[in-house]
Amino acid sequence: MQKGQRRFTRFFQTCDIGGDNPINGSIASGQVFLESIPVKLNSQRVTECELLKTEIRDLQEQLKTLKATVSKIQKAWIFINGNSAGEKTFQANGSEGDFETSKATCSQAGGLLASPRNSAENSAIQQIVVRHNKAAYIGINDIQTEGSFKYLSGEAIGYSNWAAGEPNNVGGIEDCIEVYPDGRWNDKSCNEKRLIICEF
Ligand SMILES: [Ca+2]
Ligand SMILES: [Ca+2]
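Report follows, based on the coordinates. Small disclaimer: the values here were computed from a predicted structure and weren't measured.

## Things to note about the overall build of the chain
- Within the chain one finds five helices and ten strands.
- Sequence separation of 24 or more characterises 61% of the internal contacts of the chain that already satisfy a separation of 6 or more.

Structure follows, in structure tokens:
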């Protein structure tokens, strides 16, 4: 998008658009209200200004097409094996691993081990667990301080969905969390083999 950004900058300079112009706010959404621009320029700059307007319109068209294409690919991708909740997409490719392997696998794929922050996200994870008929680790643990469950970022959790009687830290070694097919959580040893679900 750098090329496009340079065009916008040139457009604003050429067409005398100030930094505090109200149309600035609409650029982020990919729309510029070209017709509302007050133009009091010499003819050469007006010509260049018009040219830039055309180029920006072309870019807007390209952006629209690109967005539509990305949206289709995203839907197809989710259809194959994933689920979405809000901004997140959850994916599993059927591979399994212990907690560290799961974490590394998702990280290598450019994502994060699934870390549900609300019931919608937990439900999306649950559906994948059901589909694969295999419990999965999530990106939450109390490895650092017993009983203090945190996300991989170190942030304390604000949402949980424990099964009855959990977390119980059986044998003093249950510091990771698995999600059951009913969506409930159980604290579990980090060394079991579980379905790997990543979020993107
Ligand atoms: Ca524990
Ligand atoms: Ca447990």
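## A few points about helix α3 (residues 43-81)
- Spanning 39 residues, α3 covers 57 Å between terminal C-alpha atoms, matching the ideal 57 Å at 1.5 Å per step.
- For α3, the tally of buried residues reaches only zero of 39 residues, placing the bulk of the element at the surface.

## Observations regarding the nonpolar core
- Within the largest apolar cluster, 24 residues are counted, with the highest numbers of intra-cluster contacts made by Ala114, Ile125, Ala136, Tyr137, Ile138, Ile196 and Ile197.
- Aside from chain neighbours lying at most four places away, what touches Ile125 is Phe90, Ala114, Pro116, Ala136, Ile138, Val179 and Ile197.

## Notes on the environment of Ala114
- In this structure, Ala114 sits in the loop between β4 (112-113) and α5 (119-132).
- Expressed as a C-alpha distance, the spacing of Ala114 and Ala136, which sit 22 residues apart in the sequence, is 9.0 Å.
- In this structure Ala114 touches Phe90, Ile125, Ala136, Ile138, Gly139, Ile197, Cys198 and Glu199, once residues within four positions along its chain are discounted.

## As for the environment of Tyr137
- On the secondary structure map, Tyr137 appears in strand β5 (residues 136-141).
- With 50 residues separating them along the chain, Tyr137 and Asp187 place their C-alpha atoms 9.5 Å apart.
- Excluding its chain neighbours within four sequence positions, the residues that come into contact with Tyr137 are Phe99, Ser102, Leu113, Cys176, Ile177, Glu178 and Arg194.

## Looking at the sheet that holds strand β1 (residues 83-85)
- Overall, antiparallel pairing links the four strands, which are arranged β1-β2-β10-β4 in an open sheet. The two strands at the open ends of the sheet, each matched to only one other strand, are β1 and β4.
- Note: β1 against strand β2 (residues 88-91), three bridges, orientation antiparallel. Opposite Ala85, over in β2, you have Lys88 as the bridge partner.

Definitions and limits used
Residues numbered from 1 in each chain as written. Chains lettered and ligands numbered in written order. Predicted model: local features only at pLDDT ≥ 70, side-chain atom pairs only at ≥ 80, totals over all residues. Helix = DSSP H or I, 4+ residues; strand = E, 2+ residues; numbered from the N terminus. Contact = placed C-beta atoms within 7 Å. Expected span 1.5 Å × (residues − 1). Buried ≥ 20, exposed ≤ 12 C-beta atoms within 10 Å, placed from the backbone. Core = buried A, V, L, I, M, F, W, Y, C linked by C-beta atoms within 7 Å. Pairing = 2+ DSSP bridges.

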